[in-house]
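Next come the chains, spelled out residue by residue.
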Amino acid sequence: MKNKLWLATGTIGLGFILGACAGESGGDSSSESGDATQISFMHWRGEDKAVLDDIIANFEEANPDIRVEQNIYPSDQYQATAQRMLQEGSTGDVFTSFPGAQFESIESAGFFEDLSGEQFVSNFDESLISVGQKDGTQYALPYQLVFNMPVYNKGMFDELGLEVPKSWTEFQEMADTLLENDITPIAFPGADIGPNQFMNSMMMNNAPDEEVFAKLQNGEESLTNEWWVKTLEDFKLLADKGYIQDDALGTNQDSAMAMVANEEAAMLATGSYHMNSLLDLNPDLELDLLAPITVEESEATYEGINTATFMLAVNSNSEKKDQAKAFIDYLSQPEVASKYANETGQHLTVNDVEYESEALQNTSYWIDERNTRFQPRFLITNAQIEDAVLSSIENVLGGEDPMAAAEAAQQIVEENRE
Amino acid sequence: MRISKSIYLFFLPGLVLYSLLFLYPTISALFYSFTDWDGLSTAFQFVGIDNYTRAFTGDSIFQKTIGNNLKFMLTVVVFQTLVALAFALIVIKNTKTNVFLRALYFFPTILSSVSVAFIWAFIYDPSMGILNQVLQLIGLDFLAQNWLGNANIAIFSLAITQIWFHAGQMLIIFVAGLQAIPEELYEVAKIEGASKWQAFRSVTWPLLAPSATIVVAYTTIQSFKAFDLVFAMTGGGPNNSTEIIATYIYDVAFKSYQFGYASSISVIFMVIIALITYLQFKALRSDRVSY
């Protein structure tokens with residue numbers, strides 16, 4: 001008891017000294033309401049609230065003894081505070097987790113209920129859910145499947161007679177043609193998500209070893225080795241040749257999206273999750289996905305990047321685990337998942353989902369027919385090492401020499417190695 | 001007059017709240033600064049002064065944040081104080097126009113910091129932002145910058161936003177201080193042939209020192225704690241060039257789950273603020289006079 005008091009006051013103390021903690025919406029929302037049991041569904045997808053409200057209404061109709069309340073936090077805040085809320089147990093009977101550092105930290109804190117034996121696990125594509133496993137136990141079930149690689153204007157490419165490049169040489173030729181037509185090849189939102197998204201496809205073939213970041217963290221690899229220095233050199237080339245817009249580090253994702261929607265730029269260096277927003281801004285766009293192949297065609301291993309994310313899980317501290325599992329079971333039904341996929345414009349990891357929108361249908365081939373790799377960034381489990389990796393990209397785009405940027409980042413890696 | 005002992009009961013609620021909500025948590029943070037607590041589990045180990053050693057000798061980002069914080073603080077303290085004082089001298093008289101202008105200058109202070117961050121992020125946008133467009137329109141396009149994307153100037157761009165945000169608040173303190181200076185002293189100075197600058201140096205500034213102490217101390221603390229503005233505008237980037245101690249504590253505690261280490265940085269942070277505030281207080285106190 002005394003120990004817990006110290007723990008609680010320690011948290012408050014840190015908050016006081018920092019004096020800067022953001023407020024949070026939602027709160028204790030897991031309770032018995034009337035005859036029905038109320039569970040809390042904690043996640044970060046505010047943009048999906050309306051669709052999920054519909055799905056929840058249908059779920060409650062089919063399960064009149066369960067009520068579901070959504071507790072939504074912005075993704076930045078979610079990454080920082082979800083663990084604290086799960087610890088207490090009253091929020092997030094069902095919750096979602098990011099893969100990578102957050103999954104690792106929640107797993108090591110013991111907040112995941114083991115879902116291995118649940119029947120609904122078989123509703124998911126087996127090849128896409130391994131990211132929610134640890135030591136053979138299924139702790140979380142990724143729901144969404146996103147492709148973290150540039151979205152490109154297919155209509156523009158067709159008009160200019162451009163083919164999807166299969167090598168780094170072809171990529172540069174394609175970019176030169178776009179520049180000759182006064183089109184910026186890549187809109188890069190360097191002020192926010194650009195570096196952490198684009199690094200994945202830029203490095204996927206420079207370092208085909210999927211263990212490369214695990215090795216970096218345990219000291220077997222270094223950012224000063226060829227795979228990362230070459231990635232930084234490739235970034236430098238994009239900046240030097242004007243393949244990404246001027247002042248890219250000051251451009252946020254809204255501005256970058258506007259560039260692509262207005263057809264000032266041909267590619268958006270983020271991911272498939274922005275296709276719907278781009279079509280909202282300009283419904284005439286014809287979009288597809290394109291990852292830069294930074295090696296010669298014969299050396300290329302991967303064609304793109306995937307991330308199975310929005311991982312559904314049950315809080316081990318919850319007192320309503322059965323109700324929480326019933327809700328996940330419901331979300332994993334193909335007709336429910338299809339509704340969610342089509343209304344949010346997302347590909348899902350659930351089997352037998354029927355994609356209705358043109359954009360989803362046109363890009364579904366990336367799920368089965370293309371060799372994509374799980375997002376490497378999520379395999380960096382130490383947040384400070386991840387920051388060092390991303391900072392080296394910003395450093396190079398700010399004018400630093402790639403090797404010097406790699407050395408500076410490697411120093412931080414060494415300081416933070418566990 | 002004999003004071004009843006029961007009067008001490010009136011101190012009790014405040015004392016209890018202060019102890020519970022500040023003193024005890026602060027002591028616990030100090031306690032955790034000697035541990036490797038991850039913020040989640042109930043188990044932790046004592047690591048002695050390892051966290052402090054790491055902060056000063058093995059964490060280049062933390063050392064960079066101190067530098068960033070000093071740059072930010074010095075820019076804000078100097079320019080915010082000067083701007084607030086200059087504007088206060090302009091609007092000191094209680095005319096209708098001046099009352100309106102004071103309200104206008106104070107207005108940014110009532111905005112939420114996140115709104116301010118969004119407004120200024122838009123102003124600073126290199127391609128669509130108003131600032132670069134205005135500079136181009138008036139023929140000063142050579143001054144157009146990547147305000148938040150250039151690691152060499154991003155911290156100063158944030159400082160300008162901070163000054164815009166809080167100068168109005170300091171102006172009010174200066175106006176109150178200026179209005180408290182007796183008019184007769186200026187009359188005496190005038191009779192003795194003092195110029196406006198001499199009157200300012202020998203009358204205004206010394207008698208304004210208590211207000212200036214408050215302004216400088218408060219601005220220093222504010223600029224060290226400018227977490228929300230930095231977090232919303234740059235997130236500490238590019239390349240950690242705008243990472244300040246407060247945002248770094250947040251990253252270490254809530255992204256890396258190293259609460260023990262974050263607690264030690266918090267303690268160092270608290271000592272730095274206390275030390276700088278004390279030195280400022282001493283320096284400005286020596287300027288004080290009374291007539």
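Definitions and cut-offs
Residues numbered from 1 in each chain as written. Chains lettered and ligands numbered in written order. Predicted model: local features only at pLDDT ≥ 70, side-chain atom pairs only at ≥ 80, totals over all residues. Heavy atoms only, no water. Helix = DSSP H or I, 4+ residues; strand = E, 2+ residues; numbered from the N terminus. Buried < 20%, exposed > 50% of the residue type's maximum accessible area, 1.4 Å probe, protein only. Areas by Shrake-Rupley, 256 points an atom, 1.4 Å probe, with all protein chains shown as cover. Pairing = 2+ DSSP bridges. Right-handed = clockwise from strand over helix to strand, strands pointing away. Core = buried A, V, L, I, M, F, W, Y, C linked by side-chain atoms within 4.5 Å. Contact = heavy atoms within 4.5 Å. Phe/Tyr/Trp six-rings, centres within 6.5 Å; stacked < 30°, edge-to-face > 60°. Lys NZ or Arg CZ within 6 Å of the ring centre and 35° of its normal. Buried area = accessible area lost by both parts, 1.4 Å probe. Salt bridge = Lys/Arg side-chain N within 4 Å of Asp/Glu carboxyl O. Nonpolar A, V, L, I, M, F, W, Y, C, P; charged D, E, K, R; others polar. Axes fitted to C-alpha atoms, helices over the stretch in contact; angles between N-to-C directions. Patch = residues over 30% accessible without salt bridge, like charges linked within 9 Å, V, L, I, M, F, W, Y side chains within 5 Å. Lys, Arg positive; Asp, Glu negative; His and termini not counted. Charge placed at Lys NZ, Arg CZ, Asp CG, Glu CD.

1. Examining the overall build of chain B
1) Next: The helix and strand tally for chain B stands at 12 helices and zero strands.
2) Next: Moving toward the C terminus, one meets the helices and strands of chain B in the order α-α-α-α-α-α-α-α-α-α-α-α.
3) Next: Based on the C-alpha atoms only, the size of chain B along its principal axes is roughly 75 × 75 × 30 Å.
4) Next: Taken across its 291 residues, chain B has 45% of its residues classed as buried.
5) Next: When the accessible surface of chain B is totalled, it reaches about 15000 Å², and 70% of it is carbon and sulfur.

2. So, the pairing of strand β3 (residues 66-72) of chain A
All names here are of chain A.
1) Next: Of all seven residues that make up β3, five are buried, and the element is covered over most of its length.
2) Next: Sheet topology note: the strand β2 (residues 36-43)/β3 ladder contains seven bridges and is parallel. Within β3, the residue paired with Ser-40 across the bridge is Glu-69.
3) Next: Once you follow β2 into helix α2 (residues 49-62) and on to β3, the crossover reads as right-handed.

3. Side note on the nonpolar core
One recurring pattern in soluble globular proteins is that nonpolar side chains are buried together.
Residues and elements named next belong to chain A.
1) Next: In terms of nonpolar packing, the biggest core is built from 99 residues, with Leu-178, Phe-213, Trp-228 and Leu-238 touching the most fellow members.
2) Next: With residues near it in sequence (within four places) discarded, Phe-213 still touches Met-199, Met-203, Trp-227, Pro-376, Leu-379, Ile-380 and Val-389.
3) Next: Grouped together as the second largest cluster of nonpolar side chains are 82 residues, Phe-98, Phe-124, Tyr-302 and Phe-310 included.

4. Quick word on the packing of aromatic side chains
1) Next: Counted according to the given criterion, the structure contains 44 aromatic pairs over all chains.
2) Next: Judged by centre distance (6.4 Å) and plane angle (50°), the ring pair of Phe-147 of chain A and Trp-366 of chain A falls under tilted. Within this pair, whereas Phe-147 of chain A is found in the loop between β7 (141-146) and β8 (151-153), its partner Trp-366 of chain A is found in helix α15 (residues 365-368), the two being separated by 219 residues in sequence. Both residues of the pair, Phe-147 of chain A and Trp-366 of chain A, belong to the buried class.
3) Next: What links up through ring pairs into an aromatic cluster is the set Phe-31, Tyr-32, Trp-37, Phe-44, Phe-46, Phe-227, Phe-231, Tyr-250, Phe-254 and Phe-259 of chain B.
4) Next: Against the face of Phe-378 of chain A rests Arg-377 of chain A, its NZ or CZ located 4.8 Å from the ring centre.
5) Next: Here Arg-54 of chain B stacks its cationic end above the ring of Tyr-261 of chain B, 3.8 Å away from the centre of that ring.

5. Considerations on the side chain of Asn-315 of chain A
Residues and elements named next belong to chain A.
1) Next: Mapped onto the elements, Asn-315 comes out in the loop between β12 (304-314) and α12 (321-331).
2) Next: Judged by its relative accessible area of 0%, Asn-315 is buried.
3) Next: Apart from the residues lying within four places of it in its own chain, the contact partners of Asn-315 are Leu-86, Gly-89, Thr-91, Gly-92, Asp-93, Phe-95, Phe-111 and Lys-321.

6. Digging into the interface of chain A and chain B
The figure often quoted for interface size is the accessible area lost as the parts come together.
1) Next: On the chain B side, the residues contacting the 41 residues of chain A number 49 residues.
2) Next: Summed over both partners, the interface of chain A with chain B buries about 4000 Å², with 62% contributed by carbon and sulfur atoms.
3) Next: Counting across the chain A and chain B interface gives zero salt bridges.
4) Next: Considering every element that reaches the side of chain A that touches chain B, the biggest residue donor is helix α1 (residues 2-18) of chain A, with 13 residues.
5) Next: In terms of residue class, the side of chain A that touches chain B is built from 15 nonpolar, 20 polar and six charged.

7. Section: the sheet that holds β8 of chain A
All names here are of chain A.
1) Next: With mixed pairing, the four strands of this open sheet are ordered in space as β9-β10-β8-β11. Each edge of the open sheet is held by one strand with a lone partner, namely β9 (184-187) and β11 (287-289). Between one strand axis and the next, the sheet turns by 30° as a mean value, whatever way the strands run.
2) Next: Strand direction decides the pairing type here: β8 and β11, joined by three bridges, are antiparallel. Bridge pairing in β11 places Asn-153 opposite Leu-287.

8. Brief notes about a nonpolar patch on the surface
1) Next: A contiguous nonpolar patch, built from Leu-9, Leu-12, Leu-15, Val-16, Leu-17, Leu-20 and Leu-21 of chain B and spanning about 670 Å² of accessible area, is present on the exposed surface.
2) Next: Positionally, Leu-20 of chain B belongs in helix α1 (residues 12-32).

9. Examining the pattern of salt bridges
All names here are of chain A.
1) Next: Following the criterion strictly, the structure yields 17 salt bridges over all chains and no others.
2) Next: Notably, a salt bridge pairs Lys-325 with Glu-113, separated by 3.9 Å at the nearest N-O pair. Residue Lys-325 is found in helix α12, and its partner Glu-113 is found in the loop between α4 (101-109) and β5 (133-134); the two are separated by 212 residues along the sequence.
3) Next: Where Glu-303 meets Arg-370, a salt bridge forms, and the shortest distance between an N and an O atom there is 3.7 Å. With Glu-303 in the loop between β11 and β12 and Arg-370 in the loop between α15 and β14 (372-374), this pair connects stretches of sequence that are 67 residues apart.

10. So, a negative patch on the surface
Residue and element names in this part refer to chain A.
1) Next: Among the surface-exposed residues, Glu-163, Glu-170, Glu-173, Asp-176, Glu-180, Glu-296, Glu-297 and Glu-299 lie close enough to one another that they form a single negatively charged patch.
2) Next: Tracing the backbone through its elements, the reader meets Asp-176 in helix α6 (residues 168-180).
3) Next: Judged by its relative accessible area of 31%, Asp-176 is partly exposed.

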